[in-house]
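Observations on the model geometry
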Amino acid sequence: MAFADNLKQLPPVAHLAALQLIDAAGNVSATIENKPGQAGSLAVYAALADKHGSINAAAAQEGLDIYAEHTADSRANPGKHPNIDRLIKIIENAQGFTVKLIPA
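Overview of the structure. Please read these numbers as outputs of a predicted model, since none were measured by experiment.

**Things to note about the packing of aromatic side chains**
Enumeration according to the criterion identifies 1 aromatic pair in this entry. Taking the centre distance of 5.2 Å and the plane angle of 15° together, the rings of Phe-3 and Tyr-67 count as stacked. Of the two residues, Phe-3 is situated in helix α1 (residues 3-8) and Tyr-67 in helix α3 (residues 57-67); the sequence distance between them amounts to 64 residues. Given a relative accessible area of 12%, Phe-3 falls into the buried group. Relative accessible area serves as the criterion here: at 3%, Tyr-67 is assigned to the buried category.

And the structure:
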């Protein structure tokens, strides 16, 4: 399935303003906001965190599957899709993130 189809299967994120990814040292590594251009990634990361309890290697692999055609584009064009690049790095480094949800 295409990313747009996969996105329709995820829970809505209207109740979220953003999501923060917290590294092992307790620092905010990234913030994904509920705004155009990031709302899809917010939905993906929120669903993965809910299912897996964090963004770990298993969650990252599932996320790459959800991103579908964008995953191949990310691999071919590093830096074009930072939220996908992050999932690839999590799998390569086995270093994930805890997630803090920021209510709207």
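There's more to say after this.
**What about the packing of α3 against helix α5 (residues 82-93)?**
One way to put it is that α3 packs onto α5 with a least axis distance of 8 Å and a crossing angle of 140°. As the angle between them shows, α3 and α5 are arranged oblique. In terms of crossing hand, the pair formed by α3 and α5 is left-handed. Between α3 and α5, the contacting residues are Ala-57, Ala-60, Gln-61, Gly-63, Leu-64 and Tyr-67 on the first element and Asn-83, Ile-84, Leu-87, Ile-88, Ile-90 and Ile-91 on the second.

Reading the values: rules and limits
Residues numbered from 1 in each chain as written. Predicted model: local features only at pLDDT ≥ 70, side-chain atom pairs only at ≥ 80, totals over all residues. Heavy atoms only, no water. Phe/Tyr/Trp six-rings, centres within 6.5 Å; stacked < 30°, edge-to-face > 60°. Helix = DSSP H or I, 4+ residues; strand = E, 2+ residues; numbered from the N terminus. Buried < 20%, exposed > 50% of the residue type's maximum accessible area, 1.4 Å probe, protein only. Axes fitted to C-alpha atoms, helices over the stretch in contact; angles between N-to-C directions. Parallel < 35°, antiparallel > 145°, perpendicular 65-115°, else oblique. Left-handed = near helix turned anticlockwise from the far one by under 90°. Contact = heavy atoms within 4.5 Å.

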